[in-house]
Structure formats: structure tokens, C-alpha cells
Amino acid sequence: MPHDPNTTLDQWAEQSDYKWGFVTDIDTDTLPPGLNEEVIRIISARKGEPEWMLEWRLGAFAKWKDMVEPEWAHWPDHDWRPIDYQAISYYSAPKRDEDRPKSLDEVDPILLETYEKLGIPLEERAALAGVAVDAVFDSVSVATTFRDKLAEAGVIFCPFSEAVQKHPELVKKYLGKVVSRTDNFFAALNAAVFTDGSFVYIPKGVRCPMELSTYFRINQMNTGQFERTLIVADEGAYVSYLEGCTAPQRDENQLHAAVVELVAMEDAEIKYSTIQNWYPGDENGVGGIYNFVTKRGLCSGDRSHISWTQVETGSAMTWKYPSCILKGDDSIGEFYSVALTNNYQQADTGTKMIHVGKRTHSNIVSKGISAGKGHNTYRGLVKILPGSTDSRNYTQCDSMLMGDECGAHTFPVIEVENCTAQVEHEASTTKIGEDQIFYCNQRGISSEDAVSMIVNGFCREVFAELPMEFAVEAKALLAVSLEDSVG
Amino acid sequence: MSLLEIKNLHASVEGIEILKGLSLTIDPGQVHSIMGPNGSGKSTLSRVIAGEETYKITEGSVLLNGKNLLDMNPEDRAREGIFLAFQYPVEIPGVSTKYFLRTAVNSIRAHRDLDELDAYGFLKLVKEKAAWVQLDPALLDRPVNEGFSGGEKKRAEIFQMAMLEPTMCILDESDSGLDIDALRIVANGVNQQRSPERGFLVITHYQRLLEYIVPDVVHVLLDGRIVRSGGKELALELEEKGYSWIEQEVAAGA
């Protein structure tokens, strides 16, 4: 179906098969496509960044130019279309950037309507759930709530660009320390051109009084989205951070290359939960987001704890390995993942657990669901370094297949360099049984509801790790993503 | 009008005909029993009525309250009042029995234009019906049939039947693998549900179950056809003489 860019929001919503596939009719200030030093200077200038930040970006860009796009991911059926990095526009912002809204009343009503359609009634949701929302619309943050309450606790939760201005010492200290600006091709690209994201700092001994949440949304034709998130939990601090996103329908592939860095000091704990629902492309594999993300956490201090939970249902292609470096003694790393691929979607996801400290502990639970012609790959590394004595890992890797044209693949790598380590890996592959569906049918439950129920049961251990509201959303999302996949 | 009316039903699976012209009529309030040797088509009959798609219907009709069941998908048949207590109930890992049942109850209620049952109303109903088959309600927090003993699975099926209030109940060997106490409990659960409107089709190998669930009519199924029907004394006769007796009689008569 051709999309007329002049159609209104409501027309979009009605025309679109993709429930959340609408665009907001809002004038934007967008840089022309292309990537060079000048573009990076403009981005930095628009953000009013200090010199050191610009230098950091340019350093990353210089390295990136010599880097090669990785090709090793396992995408069996996908017709890989090379990304033309010069065809992407690297900056777009709502027009009145200078006088950015300071409260919700000042926010463009069309924007608020968009959030409404996304199921994010900002004020209500914030009030009901006690969640502070730092909503990113394209590249600029538009509204932040609960600032006062957080400030009272000493918590810093702000757009990344604001942190660069107001907390340069913290940003300088931690930026690129977990994911260096030249870590990999996409991380380097992000370092060069990132426009915004979130910054969180939880001071010593503080338990963040609420769940922190950010919503990302791609809303510009041909505009890559490059978020950068940095979360630091100082000694004894605790924070739970939620990230969720949906994207409107587009025919061109859009690139999403985010970087998330987590740092947990002694006795600190960070819980990072994601629901990823970027536009996956249509049933013929046309369109959809390329989601190439680098997420890594450093358990820097003793007894620190980092937990990643992700529900990945969107994107045409996903390349994502939220990882933990367990440096502190007795530190804990966890990874709970549900990845669903339908139609022509391809997901290559997993985790790396690098055990450095003594008596470190990691737990991996990965649930992959493949339907249609989707392919799901688990790629994991568990590495126990020589000095990491008495460390343990447990990995459970389950795949579920729906239909006979999809695939599940696992590439687990285990490298143990210390003989006191205990490493366990369990894997299973199941097919949704006709007999299970018939049993549900016989109790009056439709096939679609039956599949959704069976799949949700399969993912239960992961959903149990999500905060309540998020778990509800995740279940709804799986149901929507699997619609019409029952033969 | 009859509750369930099956006429000249032919069904096959992978090209092999299993039901070869079966006819059967059950009136409201009646309990019919089907007995027969292994492979005679008893389970096939139950699954064909419930709508399992592996079976191909080549001829005949199945009406429930005058409505053609063969035109309906399995969930609509269930909503119209067909309930099958499975011989081997299926496990659904990770889905709690309560959640499963509440979804089932409410989809059936929606079909009957009844309001959704709220959490309180549902739990009240669960407590009442679970007692009918002496089922520990704590079991219902576990995933559907997962980790249930053989006897618990059979009792859970009868409990589900009580929850869904069907009009036509089919029990596929609900007695298999049960000791005598469990058998009494299952039978008692079924008897509680007997009513002037509801019909039962009890499939079994042994007449022992029929001592507790007393049938109005007993049918003998042989090679895809009902070859003899009679009162409850037919079951006793079968018990005594075995199926070969009827096989020989049928062969002689043919």
C-alpha cells in the first residue's frame, strides 16, 4: 500500500496494518542525508556541546571510516541490502528546538497524541505507575517528569545532551569506559553521530525511588536513530530502568544503532529491561528496521549485580548481545531474553558473560520463538578468565518453532580458563503441538489465543523478571506479533 | 429434538477408513456408553465429534441440537456445548490451570452472551466445582496438567467439564489407569453433573465404570460401526463373554 506523506495521523492509523505504524504530522528540522566531519560538527554545535565532546565524536568517526561493516551474523534467508551510510540523515529535531517545552503543557499536542496512540499517556501513566518518563521523540528529548522527586533523592536522570552540559565530570569519567568509542563498527558510528539518549546517575547508597523509563521512536524517513544511554550506579545504589519502543511503518530500511553502557560499583545493582518493537517489515520482508545495538554492563565493584531482561519482537534484523563484564569479586550478571521472529524477521541475539573476579556468577535464560519464515539465532559467550576462581554459569537456551519454514540456531561458546569453574548449558527445541492447540480449542479457546497462551507460558521465566506493567505489555505484544501465524 | 444426532458417519485418517457408517442418537438427559475392542474407532469417534482436523469426514452428518457440527471449527463446537474429557490430557508448560480455565470459561460465556466472570466469581466457582472431584485447588496454580499424576489428570478433566457446563459431555476412557477409589471420585463427579438437559457419551473398555455411571443405553462398536445396542445389562454380558463373542455373532450374521 503506498503511503501519501500528506495523510493525517488518523488516516495513517486506519490505513496501516501495523497497529502502531503512523507518523506524526509535524514540521521537522532535518539535516540533508550524508556523513562527514562537517555533519558531526553541526550535530555537536546544535547540541551546544563543549569541545571535548566534539573531539570524542571526531575520534570515533576517524576510526569508523577505516572499519568494515560486520558480516558474520547468521541471517540464513535474508536478502541483505547493504546500508548506504551517505543516504541517511543524521539529525532531525522538532522545529522549535531552542524553546523546548519545560512542562507537558508546553508539549506539542500532536506529539502528545502520538504518545497516546502508542499507549503512553504520559501524565497518567507516570502518575499511576510511579514511572519517570524521559521520552525521546526522534533525536530530542521533549518531556521529563518526576524530576523533583528524583532530585530529592540525588538521582540524576536526564537527556544525554543535558548531562553533557550539566554534569560534564560524570559524563567524561564514564562515557566510553564500557563500550569504547571504537568497540565495533556500529558503536563507532553511534559515538560519532549520536544525538541524544538518557543519562542516569544514582549516588552512593541510594535506592532509586521509582522505575526509570524511556521511550524511543523513529519517526523520520531515512533518519537513522542513534541513542546513547549511560547508567552509573554508585556504591550500594539500586536502579531499575525500562526501555520500550515502537516505530511507524516505513518501506525503507531504517538503521537503529544504539549504545548502552552500565556501570555498577561495589554492592550496586542495575536492572535493565527492554521491550523492542521496531517496525519488522511486512509479510514479504519489505521494510523494517535494522537494529544493531551494543549493550554492555560492567560489574565494576565487588558484589555488584547487573541484570538484562529483553523482549525483542520487532525489527527486520536484530544484532544485539547485552553483556556483562564481571570484574568485581562475587559479582552477578544475568540475561533473560525473549526473541520472536515472524515473516522474514531475523534475530541474532544473545549475551556475553566475562568472568574476571572471583566467585562470580552468571545466569542466562534465552527463549527464541520462530514463526513464518523467521530465523532466530542465539549467540552466546561464557568466558571464565584464569583469575576467576569458583565462578559459576548456568545457561538455559530454549527454542520454539511454529510452522516448518522457520529456523532456530544456537552458537554457544564456552571458554573456561580456570578449573574451579562450574558451567552448565541446557538447551531445548520444541514445536507448538497441534495437540496442544486442539486441547485449547476443545475448551472454547480460539487458535490465536491458544498460541499466544502457549507462547506466553514458554516465556514465563523471562516475563517474571519484568516489572508488572511491562510484563503485561510484553504479553500483548507477543500476541499482536504472532497474529495470523497459526496455520 | 435429539441432543446429538449422528447419521451414517464415515471418517478416515491418512486414507484409512476408521468409522464406516456410524449412527447414534442421544436425547437430553441420557447417558450412552460405547464399548469396543482396541482399534474399533472409539477414540476416533470422540475426536471427530470434537472436530480434530486430522480426521477426514467422507460421508454422514453430526448434529448438536439440530445444528451441523461438521461446519464448525473445534472452538465453536466447544462453545456450542461439546466437551471432550481427553484420554491423555495435554500438558501446557508455563500456563497456570486457573488462567487457562478462566480464558476457556469466558470465551464460552461470551458465546452464550453472558458477562465475563470476574476474578472473585471465577474463584468461587473453582472452589465449588473442585470439591466435586476432591481436587486440591492448589493444584490449579500449576501449569495445565504438568506434573499431575494420572489420577489427577483424569479428575482435572471432569473438573474442567463442571466449570464449562457443556450440554454434551464425551468421556474418552476417563477410567483408564484409575484405582477403585479414584474411579469412584471421577464417577461421582460425573453423576453430579447429570441433568435432564445434559447428555453423556461414556467411552470405556470396562463395565466397571458403568457400575458407577449407570448408562441408559450401551453400544458395542466394532470395526467402525455400532453392531449392537442394549441396556446396561449388555455391558455385563460383554464383561463375561468378551468381545470375541460379538465378533463371532456379527461374522455369522453377515
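Note that the coordinates shown come from a computational prediction; the quantities given were computed from them, not determined experimentally.

Rules and cut-offs
Residues numbered from 1 in each chain as written. Chains lettered and ligands numbered in written order. Predicted model: local features only at pLDDT ≥ 70, side-chain atom pairs only at ≥ 80, totals over all residues. Heavy atoms only, no water. Helix = DSSP H or I, 4+ residues; strand = E, 2+ residues; numbered from the N terminus. Rg over C-alpha atoms; globule rule 2.2 N^0.38 Å. Buried < 20%, exposed > 50% of the residue type's maximum accessible area, 1.4 Å probe, protein only. Contact = heavy atoms within 4.5 Å. Areas by Shrake-Rupley, 256 points an atom, 1.4 Å probe, with all protein chains shown as cover. Arc of directions from axis to C-beta. Buried area = accessible area lost by both parts, 1.4 Å probe. Salt bridge = Lys/Arg side-chain N within 4 Å of Asp/Glu carboxyl O. Nonpolar A, V, L, I, M, F, W, Y, C, P; charged D, E, K, R; others polar. pLDDT = per-residue confidence, 0-100. Phe/Tyr/Trp six-rings, centres within 6.5 Å; stacked < 30°, edge-to-face > 60°. Pairing = 2+ DSSP bridges. Expected span 1.5 Å × (residues − 1).

## Some thoughts on the overall build of chain B
Next up, step 1: A count of helical and extended segments in chain B gives nine helices and 12 strands.
Next up, step 2: The globule rule puts the C-alpha radius of gyration for 254 residues at 18 Å, and the 18 Å found for chain B is close to it.
Next up, step 3: In terms of overall dimensions, chain B has a C-alpha envelope of 60 × 40 × 35 Å along the principal axes.
Next up, step 4: Counting over 254 residues, chain B shows a buried share of 52%.
Next up, step 5: Pairs at least 24 residues apart make up 70% of the contacts formed inside chain B by residues separated by at least 6 positions.
Next up, step 6: Carbon together with sulfur atoms contributes 48% to the accessible area of chain B, which is approximately 11100 Å² in total.

## Some words on helix α9 (residues 243–253) of chain B
Residue and element names in this part refer to chain B.
Next up, step 1: Those residues of α9 lying buried are Y243, W245 and I246. Buried residues of α9 fall within an arc of 155° about the axis and therefore sit on the same side. Away from the buried face of α9 by more than 90 degrees, exposed residues Q248, A251 and A252 are located.
Next up, step 2: Where the residues of α9 are buried, they touch β3 (31–35), β10 (199–204), β11 (217–222), β12 (225–230) and α8 (233–241).

## Side note on the interface of chain B and chain A
Next up, step 1: Taken residue by residue, the interface counts 30 residues in chain B and 17 residues in chain A.
Next up, step 2: Of the roughly 1900 Å² buried where chain B meets chain A, counting both sides, 67% is carbon and sulfur surface.
Next up, step 3: The interface formed by chain B and chain A holds one salt bridge in total.
Next up, step 4: Here the side of chain B that touches chain A gets six residues from one element, more than from any other, and that element is helix α3 (residues 97–111) of chain B.
Next up, step 5: Residues that form the side of chain B that touches chain A fall into these classes: 18 nonpolar, six polar and six charged.

## What about the confidence of the model for chain B?
The predicted coordinates ought not to be read in detail in places where the model reports low pLDDT.
Residue and element names in this part refer to chain B.
Next up, step 1: Mean pLDDT for chain B: 93, with 100% of residues reaching 70 or above.
Next up, step 2: Element-level mean pLDDT values for chain B span from 83 in α9 up to 97 in strand β6 (residues 82–85).
Next up, step 3: Of the two predicted TM-score estimates for the complex, the pTM is 0.77 and the ipTM is 0.96.

## Structural notes on the packing of aromatic side chains
Residues and elements named next belong to chain A.
Next up, step 1: Taken as a whole and judged by the stated rule, the model has 19 aromatic pairs over all chains.
Next up, step 2: Their ring planes at 80° and their centres at 5.5 Å tell us that W64 and Y85 sit as a pair that is edge-to-face. With W64 in helix α3 (residues 51–64) and Y85 in the loop between α3 and β2 (92–94), this pair connects stretches of sequence that are 21 residues apart. By the burial criterion, W64 is buried, and Y85 matches it.
Next up, step 3: Between Y85 and F185 the ring centres are 5.5 Å apart and the planes differ by 65°, which places this aromatic pair in the edge-to-face class.

## Some remarks on the sheet that holds strand β2 (residues 16–26) of chain B
Residue and element names in this part refer to chain B.
Next up, step 1: Here we have four strands laid out as an open sheet, ordered β2-β1-β4-β5, and antiparallel in their pairing. Two strands bound the open sheet, and with one partner strand each, they are β2 and β5 (67–68).
Next up, step 2: For strand β4 (residues 56–64) and β5, the ladder comprises two bridges, and the chain directions are antiparallel. Across the sheet, residue L64 finds its bridge partner in β5, namely K67.

## Description of helix α4 (residues 119–132) of chain B
Residues and elements named next belong to chain B.
Next up, step 1: Its 14 residues give α4 an end-to-end C-alpha distance of 20 Å, which sits within 8% of 20 Å, the value for a rise of 1.5 Å per residue.
Next up, step 2: For α4, the complete set of buried residues consists of F122, L125, V126, K129 and A130. For α4, the buried positions fall inside an angular range of 125° around the axis, keeping them on one side. Across α4 from its buried face, at more than 90 degrees, point the exposed residues Y120, K124, K127 and A131.
Next up, step 3: Residues of α4 that are buried in the fold lie against α3 and α5 (150–164).
Next up, step 4: Q134, located one to two residues past α4, shows a positive phi value of around 50°.

## Structural notes on the pattern of salt bridges
All names here are of chain A.
Next up, step 1: A full pass over the atoms with the stated rule returns 30 salt bridges over all chains.
Next up, step 2: For R41, the salt bridge is made with E37, and the minimal N-O distance between the two is 3.4 Å. On the criterion of helical spacing, the pair formed by R41 and E37 is a turn pair, its members being four residues apart in helix α2 (residues 37–46).
Next up, step 3: On the accessibility criterion, R41 (37% relative accessible area) is partly exposed.
Next up, step 4: Its salt-bridge partner being E266, residue R303 comes within 3.8 Å of it at the nearest N-O pair. Taken together, the positions of R303 in the loop between β13 (289–299) and β14 (305–312) and E266 in the loop between β11 (259–264) and β12 (269–277) put the pair 37 residues apart, joining distant regions of the chain.
Next up, step 5: Given a relative accessible area of 41%, R303 falls into the partly exposed group.
Next up, step 6: You can call E266 partly exposed: its relative accessible area is 34%.
Next up, step 7: One salt-bridge network, in which partners are shared between bridges, spans E266, D267 and R303.

## Side note on the confidence of the model for chain A
Residue and element names in this part refer to chain A.
Next up, step 1: For chain A, per-residue confidence averages 79 on the pLDDT scale, and residues scoring 70 or more make up 75% of the total.
Next up, step 2: Confidence over residues 135–144 falls short of pLDDT 50; this stretch has 57 contacts with residues more than four positions distant or in other chains.
Next up, step 3: In the model, residues 215–223 has pLDDT below 50 throughout and makes 63 contacts with residues more than four positions away in sequence or in other chains.

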